[in-house]
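Topology and contacts: notes
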Amino acid sequence: MNSMIIKNATRKILVIPRRQNSSFQKVGVVGLGLMGHGICQVTAASKLHSSVIAYEAEQKFLDKGRERIESSVTKLVSRGKLDQIDGDKILSSITYTTNPHDLSDADFIVEAVIENMDLKRNLYSNLGSICKPETIFASNTSSLSITDMAELSGRPERFVGVHFFNPVQIMKLVEVIRTKYTEHDVFDKAFQWAKDIGKVPVTCGDTPGFIVNRLLVPSLMQAMLMVDRGDASVNDIDLSLQLGAGHPMGPLHLADYIGLDTCLFIVKGWTEKYPDEPSFVLPKCLKKMVEDGNLGRKSGKGFYYWDGDKRGDPAVE
């Protein structure tokens, strides 16, 4: 959904670009979850690469990722936003595998596995021994240190961050992160790749949360601290940011939507690694709600009651 849209009298047709100028002929995507399946789809849709390899360690996760991609493409076709022929080409251009050796000659590999450093440590150790020396590694992490992963990979000079946003098929921004090790040519290739697949890349150093989350997450914590102190109600905090700052949804609504357990995981990691950073704090209400299993949208209750994706009344005064 990030390509040129041609208007006719009755509908908009998504036209897949036909560029063939990428530095990367073979691209691998490791992890086909919420983010990874979207990254794999937009990579295949760009038609920039001779091969797109989708990898999961377990067949059940590979099958689930494939179903997500097929469902997404089918919806685009049914809504008239993608031509059937192009849709078929996207699906047929992806090779699905549980064999990591199928990634051995990839030029560029995007990792999108869960935010667990032990898992990533094992993954990069394995990939480092399998892949050709020229392969560039890129992590889609939203909160972990790119530098730490680069050092684990055994090829820190050929390691970058490429942080996409959910849903990948729609959101245009990609944060491209360089470390003190990253070679200029490696960074430039990753940055250009993000642009070539239809995204809008921005440059950032390896600061916690990069640009968006470094600004966003502490603001969510400040809203929760207001709840802790009884400064204002949940409804009034959110309404104020919507009507006073033009935000599409308030910070507590957004935290519920993201998942309160996810918010806690991010900030807990930051506070442990950067204890002297005053903007990284853990509100009492956040810890209590996660302990009680009230995780926001995903559990049906957080700062608000939820019915699926539909937000209800505040659950916290």
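Structure report, in brief.

Conventions used here
- Residues numbered from 1 in each chain as written.
- Predicted model: local features only at pLDDT ≥ 70, side-chain atom pairs only at ≥ 80, totals over all residues.
- Heavy atoms only, no water.
- Helix = DSSP H or I, 4+ residues; strand = E, 2+ residues; numbered from the N terminus.
- Rg over C-alpha atoms; globule rule 2.2 N^0.38 Å.
- Buried < 20%, exposed > 50% of the residue type's maximum accessible area, 1.4 Å probe, protein only.
- Contact = heavy atoms within 4.5 Å.
- Lys, Arg positive; Asp, Glu negative; His and termini not counted.
- Charge placed at Lys NZ, Arg CZ, Asp CG, Glu CD.
- Pairing = 2+ DSSP bridges.
- Right-handed = clockwise from strand over helix to strand, strands pointing away.
- Axes fitted to C-alpha atoms, helices over the stretch in contact; angles between N-to-C directions.
- Parallel < 35°, antiparallel > 145°, perpendicular 65-115°, else oblique.
- Left-handed = near helix turned anticlockwise from the far one by under 90°.
- Phe/Tyr/Trp six-rings, centres within 6.5 Å; stacked < 30°, edge-to-face > 60°.
- Disulfide = S-S within 2.5 Å.
- Salt bridge = Lys/Arg side-chain N within 4 Å of Asp/Glu carboxyl O.
- Nonpolar A, V, L, I, M, F, W, Y, C, P; charged D, E, K, R; others polar.
- Core = buried A, V, L, I, M, F, W, Y, C linked by side-chain atoms within 4.5 Å.

Right, let's talk about the overall build of the protein for a bit. Looking only at helices and strands, one finds 11 helices and 12 strands in the protein. Relative to a compact globule of 317 residues, whose C-alpha radius of gyration would be 20 Å, the protein shows 21 Å and is just as compact. Its C-alpha atoms give the protein principal-axis dimensions of roughly 55 × 55 × 35 Å. Burial statistics for the protein: of 317 residues in total, 49% are counted as buried. Within the protein, contacts between residues separated by at least 24 positions form 67% of all contacts whose residues are at least 6 apart in sequence. For the protein, the distance from the average position of its 38 positive side-chain charges to the average position of its 39 negative side-chain charges is 5 Å.

So, on to the pairing of strand β10 (residues 200-205). The pairing of strand β9 (residues 173-178) with β10 spans six bridges and is parallel. Bridged to Glu175 within β10 is Val202. In the classification by handedness, the crossover that spans β9, the intervening helix α6 (residues 184-196) and the parallel β10 is right-handed.

Turning our attention to the packing of helix α4 (residues 117-130) against helix α5 (residues 146-153). Axis angle and axis distance: for two packed helices, these are the angle between their axes and the distance between the axes, and together they describe the pair. Running from amino to carboxyl end, α4 crosses α5 at an angle of 40°, the nearest separation of the two axes being 8 Å. Judged by the angle between their axes, α4 and α5 are oblique. As for the relative orientation of α4 and α5, their crossing is right-handed in sense. Across from Met117, Lys120, Arg121, Tyr124, Ser125 and Gly128 in α4, the residues of α5 making contact are Asp148, Met149, Leu152 and Ser153.

All right, on to the packing of aromatic side chains then. Per the stated rule, a full pass over the model turns up 10 aromatic pairs. Taken together, a centroid distance of 4.4 Å and an interplanar angle of 5° make the contact between Phe24 and Phe108 stacked. Of this pair, Phe24 sits in the loop between β2 (12-14) and β3 (26-30) while Phe108 is found in strand β6 (residues 108-111), placing the two residues 84 residues apart along the sequence. With respect to burial, Phe24 and Phe108 carry one shared label: buried. Ring pairing ties together the aromatic residues Phe24, Phe108, Phe164 and Trp193, which thus form one cluster.

Our focus in this paragraph is helix α1 (residues 36-45). Every α-helical turn comprises 3.6 residues, leaving residues that sit three or four positions apart pointing alike. Of all 10 residues in α1, 10 are buried, a share of seventy percent or more. Positive backbone phi, approximately 55°, marks Lys47, located one or two places after α1.

Here the amide bond leading from Asn166 into Pro167 is cis, since omega sits at -5°, within 30 degrees of zero. One non-glycine residue, Phe210, lies in the positive phi region at around 60°. As for its placement among the helices and strands, Phe210 is situated in the loop between β10 and α7 (212-229). According to the relative accessible area criterion, Phe210 is buried, its value standing at 2%.

Turning next to the state of the cysteines. Applying the stated criterion across every chain, the model contains zero disulfides. The thiol of Cys204 is unpaired, and the distance to the nearest cysteine sulfur, on Cys263, comes to 19 Å. Looking at Cys263, it has no disulfide partner, and the nearest cysteine sulfur is the one in Cys285, 11 Å off. Judged by relative accessible area, which is 3%, Cys263 ranks as buried.

Right, let's talk about the pattern of salt bridges for a bit. Within the structure shown, the criterion is met by 17 salt bridges. Among the ionic pairs, Arg297 bridges to Asp309, the shortest N-O distance being 3.0 Å. Placement of the pair is Arg297 in the loop between α11 (284-291) and β11 (304-307) and Asp309 in the loop between β11 and β12 (310-314), with a sequence separation of 12 residues. Exposure remark for Arg297: the relative accessible area of 26% places this residue in the partly exposed category.

So, on to the packing of helix α8 (residues 234-245) against helix α9 (residues 251-258). It is at 7 Å that the axes of α8 and α9 come closest, and there the two elements cross at 100°. One finds that α8 runs roughly perpendicular with respect to α9. Contacts between α8 and α9 pair Val234, Ile237, Asp238 and Leu241 from the former with Pro251, Leu252 and His253 from the latter. Of the residues in the contact of α8 with α9, the class split is five nonpolar, one polar and one charged.

Below, the discussion takes up the nonpolar core. In this structure, Cys40, Phe108, Val162, Phe164, Val176 and Trp193 are the most contacted members of the largest nonpolar core, which totals 40 residues. Ranked by residues supplied to this core, first place goes to α6 with six residues. The next biggest cluster of nonpolar side chains, apart from the first, holds 25 residues, and it includes Val217, Cys263, Phe280 and Cys285.

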